[in-house]
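# Per-entry structural report
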Amino acid sequence: MKKYRANTTVIAVDPDHPDERDIQSAAHVLRAGGLVAFPTETVYGLGANALDETAVGRIFAAKGRPFDDPLIVHIAAKTQVEDVARAIPDIAYTLAEKFWPGPLTLVLKKHPRVADKVSTGLDTVAVRMPNHRVPLDLIRAAGVPVAAPSANLFTRPSPTSAAHVADDLSGRVDIILDGGPCPIGLESTVLNLTGPKPAILRPGGTTVEALLDCLPDLILPGEPAGARTSPGMMLKHYSPKARFFLFTGARETLAPQVREVIGGLLRAELKVGVMAADEDLPFFAGLPILMESLGPQSDLDAIGRALFAKMRSLDARGVDIILMRAIQAGGLGLAISDRLIKAAHQQVIDLDGQPDAIINRLISELSG
């Protein structure tokens, strides 16, 4: 796949009151078939004109993204859903009234005017209205719906700041609108409305509990199967450069187990990084490792905002391996757990097992 090349310009914008001239400059790039990265309430997006096949193809080229991984189309008004989708069920309008603008993506039947590459040849399209002034102003100024996955290299942790975008995509995107950190830090929930029953394809910023109030027959997230109708369904995703491992175990016996495993990794001359909730920090006291605190275990909003940034920080500090204790999957924890499991390539290690065997396994996988 030939990479898309560009002279990247970073423009600082006020997230609440962006300068109209900056928005118009970025909108001109979109209309001309270029790429613009912009903040949303979830993560930074890499945008192109959703009606332009060539422009959409540049997203895949810039990210190194497989052409079978669909994109989300962003709109700036609820009524614009009819410009990108057809045969829209009544429940879609109900959900839009309750959750848009916001971190909910609806999978609907695709309108023929939307570029086929957006949906990777499927007859469906994923649509959302972001809850952030910058993309809303940009979409209105461009006058076209905007296809935008996360603005990172494929499989890397999603970007929650303009610096993350520049780290991955400098020279591959025309403009980066720097609107500061993203308020949520996790991607949108993706809800499929084209099947017999509504089904969550990817948990995200809108919780299952909130959706159940409208959708009592909602199908909850499960293992992906069949064609990918949504972004973020690949089993390996959101991954740092360092190898990432999740671990579980009985909390009352976890500290000595964790310390024994880390000691074995250090003896193997591996540089170890740890991401931990504040309550877990005592497990690692005094160890010669690199730590990133995520905030209190009970504050899932804070953990969600910090998650990808802390992964990137440990990568920048040159660790070989990152360890983190699994998060309980309730509320926003479901979305956090989804990202962590995919970052760990679906592998979760039970530290109630034999430490020597665990150490050997980790070292073997790192050298494999």
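As a reminder, the structure under discussion sits directly above these lines.
Residue numbers here run from 1 along each chain, matching the order of that chain's written sequence. Where local features are concerned, this predicted model is filtered to residues with pLDDT of at least 70; where side-chain atom pairs are given and counted, the filter is 80 or more; whole-chain, interface and lining totals use all residues. Processing note: side-chain calculations cover all non-hydrogen atoms of the structure and skip hydrogens and water entirely.

## A short note on the packing of helix α1 (residues 20–31) against helix α5 (residues 133–142)
Only the stretch in contact is used when fitting a helix axis, every axis being a line fitted to C-alpha atoms; angles between N-to-C directions are given from 0 to 180 degrees. Secondary structure elements are defined from DSSP: runs of H or I of at least 4 residues count as helices, runs of E of at least 2 residues count as strands, and each element is numbered from the N terminus. Between α1 and α5, the least distance of the axes is 8 Å, while the angle of their chain directions is 55 degrees. The angle between α1 and α5 places the two elements in the oblique class. By crossing handedness, the relation of α1 to α5 is classed as right-handed. From α1, Ile 23, Gln 24, Ala 26, Ala 27, Leu 30 and Arg 31 reach across to α5, where they touch Val 134, Asp 137, Leu 138, Ala 141 and Ala 142. Its residues placed into classes, the contact of α1 with α5 shows eight nonpolar, one polar and two charged. Angles are sorted into four bins: roughly parallel if under 35 degrees, roughly antiparallel if over 145, roughly perpendicular if 65 to 115, and oblique for all others. Here is the rule for handedness: rotate from the far helix to the near one, and if that takes an anticlockwise turn smaller than a right angle the crossing is left-handed, while a clockwise turn gives right-handed. Residues are treated as being in contact if the distance between any of their heavy atoms lies within 4.5 Å. Gly is placed with the polar residues, together with every amino acid not listed as nonpolar (Ala, Val, Leu, Ile, Met, Phe, Trp, Tyr, Cys and Pro) or charged (Asp, Glu, Lys and Arg).

## Focus on unusual backbone geometry
In this structure, Pro 101 follows Trp 100 across a cis peptide bond, with omega equal to -5 degrees. Structurally, the position occupied by Pro 101 is in the loop between α4 (90–99) and β6 (104–110). One non-glycine residue, Ala 87, lies in the positive phi region at around 50 degrees. Tracing the sequence through the fold places Ala 87 in the loop between β5 (85–86) and α4.

## Concerning the pattern of salt bridges
Counted as salt bridges are all cases of a side-chain nitrogen of Lys or Arg within 4 Å of a carboxyl oxygen of Asp or Glu. Under the defined criterion, the tally for this structure stands at 18 salt bridges. The partner of Arg 317 in a salt bridge is Glu 292, with the nearest N and O atoms 3.0 Å apart. Of this pair, Arg 317 sits in the loop between α9 (300–316) and β15 (321–325) while Glu 292 sits in strand β14 (residues 290–293), and the two are 25 residues apart along the sequence. Think of it in three bands: with a 1.4 Å probe and only protein chains considered, a residue is buried below 20% of the maximum accessible area for its type, exposed above 50%, and partly exposed in between. Judged by relative accessible area, Arg 317 falls into the partly exposed class, the value being 33%. Linked through salt bridges whose partners overlap, the residues forming this network are Arg 156, Asp 168, Arg 312 and Asp 315.

## Points about the packing of aromatic side chains
Side-chain rings of Phe, Tyr and Trp, where Trp is taken by its six-membered ring, are said to pair if the distance between their centres is within 6.5 Å; with planes under 30 degrees apart they count as stacked, over 60 as edge-to-face, and otherwise as tilted. Overall, the coordinates contain two aromatic pairs when judged by the stated rule. Relative to Phe 284, the ring of Phe 283 lies with its centre 6.1 Å away and its plane at 70 degrees, an arrangement referred to as edge-to-face. Taken as a pair, Phe 283 and Phe 284 share a single burial class, namely buried.

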